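Report on the structure
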Amino acid sequence: ENQLSAVPHRYRKVGTMIIAIDGPSGAGKSTVAKAVARELGFSCLDTGAMYRAVAWRALQDGVPFDDDEALGRLARAHDIAFAHEEGEPVPRRVSIGGIDVTDAIRTAEIDRAVSPVSAAPSVRAALLEQQRRIGRAGDYVVEGRDIGTTVFPEAPVKVFLTASAEERAHRRVRQNVDRGVGSVDYDEELTDIRRRDDQDSSRATSPLRPADDAVRLDSTGRYIEEVIEDICSLALRARERADAAASTSTRSAAAGGSLRTEVRGASASDSSSGTAETVADLMNDQEGSCR
Ligand code: DC
């Protein structure tokens, strides 16, 4: 129960897949990650919420932000749990040590506390373990800062999502107005975004940077739907590659058998019809929803 509950979905039969979405704060990662998860029937893991939950607990307990050991102890002692509604891939609530902190982690105070807390190496080590355990349970869109570089370096789809600092500040102000929390002063938000970019990219452990094989998407001035479509297409291509590789390895394994021609023929047609169906399913679903 301390893990994201696995959501049943139509891709389960072809194995698990991670879509890593990294980028600076305010680039639109959360919106995009949730939408992609819904389109593809994946679950969604917001790793920033986990760092925020630890920062919240540290503030409650008065743990100094430069005490790596105490912060690490705290992160290991309190499990972070995400609660889903039935059949919904995006969790509705987040809790730490059994306390619901869904709203409490979205304040300006936590915005300030989370950078130093997330820079603590032992906090990162504790959360890395939890993130891997959760992500390996199924198909996940995982968003954060170091997903493609550190948490899931083997992810077949890696996106580094950016937007100009000015655009991100505008978005933040709009978001804060809508939510009724946080600053609505553009200059203040711009300064805060630049400060967090600096802190996130200059820290020693897992700094914010694109993985070498990440696809860079700049969302400045683009419709969110286009960005979502780009990522869905990347996921589709990765799935096709994985299916093609699986069918090739089935064929070459069969080719090594003693009843070579017969086994090979049967096995190749079995696997290719299975593959064709899977890819076609995916294509149809994609065409309906993602284009
Ligand atoms: O995405 P967010 O704003 O909710 O993230 C909150 C903070 O956590 C942000 O300052 C960066 C940090 N973070 C991190 O260091 N590594 C992650 N994988 C996710 C977030």
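Rules behind the numbers
Residues numbered from 1 in each chain as written. Predicted model: local features only at pLDDT ≥ 70, side-chain atom pairs only at ≥ 80, totals over all residues. Heavy atoms only, no water. Helix = DSSP H or I, 4+ residues; strand = E, 2+ residues; numbered from the N terminus. Expected span 1.5 Å × (residues − 1). Buried < 20%, exposed > 50% of the residue type's maximum accessible area, 1.4 Å probe, protein only. Arc of directions from axis to C-beta. Pairing = 2+ DSSP bridges. Axes fitted to C-alpha atoms, helices over the stretch in contact; angles between N-to-C directions. Contact = heavy atoms within 4.5 Å. Near = heavy atom within 4 Å. Polar contact = N/O pair within 3.5 Å; in protein donor to acceptor, adjacent residues only side chain to side chain. Areas by Shrake-Rupley, 256 points an atom, 1.4 Å probe, with all protein chains shown as cover. Nonpolar A, V, L, I, M, F, W, Y, C, P; charged D, E, K, R; others polar. pLDDT = per-residue confidence, 0-100. Salt bridge = Lys/Arg side-chain N within 4 Å of Asp/Glu carboxyl O.

This part takes up helix H8 (residues 186–202). Here H8 is 17 residues long and its end C-alpha atoms lie 24 Å apart, about the 24 Å a rise of 1.5 Å per residue gives. Along H8, the residues that are buried comprise Glu189, Leu190, Asp192, Ile193, Arg196, Asp197 and Asp200. Within H8, the buried residues cover an arc of 165 degrees as seen down the axis, which keeps them to one side. Residues of H8 that are exposed and point over 90 degrees away from its buried face: Asp187, Thr191, Asp198 and Ser202.

Pairing within the open sheet is parallel, and its five strands lie in the order S2-S6-S1-S7-S8. Looking along the sheet, the strands with just one partner apiece sit at the ends: strand S2 (43–46) and strand S8 (215–218). Averaged over all adjacent pairs, the angle separating strand axes in this sheet is 20 degrees, with direction ignored. Sheet topology note: the strand S7 (residues 157–162)/S8 ladder contains four bridges and is parallel. Bridge assignment links Thr162 to a residue of S8, and that residue is Asp218. Sheet strands touched by helix H1 (residues 29–40): strand S1 (18–22), S2, strand S6 (140–144) and S7. Its angle to S6, the strand with the most contacts, is close to 175 degrees.

The environment of the ligand is formed by 15 residues, the closest being Arg52, Arg124, Asp146, Arg196 and Arg203. In the environment of the ligand, an oxygen atom lies 2.7 Å from a nitrogen or oxygen atom belonging to the side chain of Arg52. Within the side chain of Arg203, an N or O atom sits 2.9 Å from an oxygen atom of the ligand. Relative to its free-state accessible area of 450 Å², the ligand is covered by the protein chains to the extent of 95%. Taken together, the elements giving at least two residues each to the shell around the ligand come down to helix H2 (47–61), helix H4 (108–118) and H8. For the shell around the ligand, the element with the most residues is H2, which contributes four residues. Across the shell around the ligand, the residue classes tally to two nonpolar, five polar and eight charged.

Quick look at the sheet that holds strand S5 (residues 99–100) now. Spatially, three strands are ordered S3-S4-S5 in an open sheet, and the strand pairing comes out antiparallel. Two strands close off the open sheet at either side, each with one partner strand: strand S3 (80–83) and S5. Pairing geometry for strand S4 (residues 93–96) and S5, over two bridges, is antiparallel. Considered in S5, the bridge of Ile96 is made with Ile99. Of the strands in this sheet, S3, S4 and S5 are in contact with H2, which crosses S3 at around 125 degrees.

Our focus in this paragraph is helix H3 (residues 68–77). Ala70, Leu71, Gly72, Leu74 and Ala75 are the residues of H3 that are buried. Its buried side turned inward, H3 meets H2, H4 and helix H5 (121–135).

What follows covers the confidence of the model for the protein. Averaged over the protein, the pLDDT score is 82; the fraction of residues at 70 or greater is 81%. Contacts for the low-pLDDT stretch residues 1–14, under 50 throughout, to residues beyond four places or in other chains number 40 contacts. Throughout residues 257–291 the model reports pLDDT below 50, and contacts reaching past four residues in sequence, or to other chains, amount to 38 contacts.

The phi angle at Ser206 is positive, at roughly 45 degrees, despite the residue not being glycine. Locating Ser206 in the fold gives a position in the loop between H8 and S8. Taking the relative accessible area as the measure of exposure, Ser206 reaches 14% and is therefore buried.

Let us look at the pairing of S2. Burial along S2 is two-sided: the residues Ser43 and Leu45 and Cys44 and Asp46 are all buried. In this structure, S2 lies alongside S6, joined through four bridges in parallel fashion. Looking at the pairing, Leu45 lines up with Val142 of S6.

Take the side chain of Arg145 next. Its location among the elements puts Arg145 in the loop between S6 and helix H6 (147–151). Here Asp200 takes part through its side chain, which lies 3.5 Å from a polar atom of the side chain of Arg145. Leave out the neighbours within four places in its chain, and Arg145 touches Asp22, Gly23, Pro24, Ser25, Lys29, Arg196, Asp200, Arg203, Leu208 and Arg209.

The next thing to look at is the pattern of salt bridges. Where charged atoms from two side chains of opposite charge come close, those side chains can pair. Taken as a whole and judged by the stated rule, the model has 23 salt bridges. The partner of Arg196 in a salt bridge is Asp111, and the shortest N-O contact between them spans 3.9 Å. With a gap of 85 residues between them, Arg196 in helix H8 and Asp111 in helix H4 connect regions that are remote in the sequence. With respect to class, Arg196 is no different from Asp111; both count as buried. Across the pair Asp213 and Lys158 runs a salt bridge whose closest N-O atoms are separated by 3.0 Å. With Asp213 in the loop between H8 and S8 and Lys158 in strand S7, this residue pair connects regions lying 55 residues apart in the sequence.

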